[in-house]
Amino acid sequence: MKILTSPSLFASDLLNIEAEVKRTEAAGADMIHFDIMDGIYVPNISIGFELLAAVRSATNLPIDAHMMTVKPEKYIERLANAGADIITVHNDIADEASILEMIEEIHNFGLMAAVALKPRVPAEAILPFIEHIDMVLVMTVEPGFSGQSFMDMSDKIRKVKSYIGTNPVSIQVDGGINEKTAAICAEAGANVFVVGSAAYKAPSMRDALSAVKTAAARAYPL
């Protein structure tokens, strides 16, 4: 699988969002991670659809909308219209049949679909969705706030990787990702790395992203 970096805009200077988007693109990012929080599923409220549309107008990079919300199905069309390329929903916001319906709707809008697992959610929870999604997000922090300490989910990533088998499904990790922790996750099978503070607070964002990608590529199992 190709190693990709996905800087999380929630960790950027939101007062200067256009410049930050341009800086992210210039730094060699492969995609942009866009966190949407509703204050219910997680105890925080974040940026929304209008800003997503503004980001879309400022870059050609793929945008991954991470829906930390209790009713993501209400917003799939709005996300598509605003310019999202990937929509990620959490497995525990609805029953299996409802999640599968969301995945189908996301695909019907021509977007990629992903399912996220919080740290306490077992790897087995992804099994009903493996053949229907494009990516699994294994959270390496509790969702809702940036700047948290990394939680080692290597065993879970390995299990998810084994469940994926030959399916063309990426494994993304999000939370406390830097050069060191990216290598830990990559060794277990992750290939998409959401980088927040380690990217936007680094002296050189380009160097930080390059270091993450290099470390992950070296550790990723052949």
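Provided above is the structure to which this section pertains.
Residues numbered from 1 in each chain as written. Predicted model: local features only at pLDDT ≥ 70, side-chain atom pairs only at ≥ 80, totals over all residues. Heavy atoms only, no water.

(A) Region of the structure containing the packing of aromatic side chains. Taken as a whole and assessed by the stated rule, the structure comprises one aromatic pair. Taking the centre distance of 5.2 Å and the plane angle of 35 degrees together, the rings of Phe49 and Tyr75 count as tilted. One end of the pair, Phe49, is in helix 2 (residues 49-58); the other, Tyr75, is in the loop between strand 3 (63-68) and helix 3 (76-82), and 26 residues separate them in sequence. Judged by relative accessible area, Tyr75 falls into the partly exposed class, the value being 24%. (Phe/Tyr/Trp six-rings, centres within 6.5 Å; stacked < 30°, edge-to-face > 60°. Helix = DSSP H or I, 4+ residues; strand = E, 2+ residues; numbered from the N terminus. Buried < 20%, exposed > 50% of the residue type's maximum accessible area, 1.4 Å probe, protein only.)

(B) Structural context of the pattern of salt bridges. Within the structure shown, the criterion is met by eight salt bridges. Lys213 is the partner of Asp30 in a salt bridge, and the nearest nitrogen-oxygen pair spans 2.7 Å. Here Asp30 is found in the loop between helix 1 (17-26) and strand 2 (32-37), whereas its partner Lys213 is found in helix 8 (residues 205-219), with 183 residues between them in sequence. Between Arg56 and Asp85 there is a salt bridge, with its nearest N and O atoms 2.7 Å apart. You can see Arg56 sitting in helix 2 and its partner Asp85 sitting in the loop between helix 3 and strand 4 (86-90), a full 29 residues away along the chain. What makes Asp85 partly exposed here is its relative accessible area of 29%. One salt-bridge network, held together by shared partners, links Asp155, Arg158 and Glu187. (Salt bridge = Lys/Arg side-chain N within 4 Å of Asp/Glu carboxyl O.)

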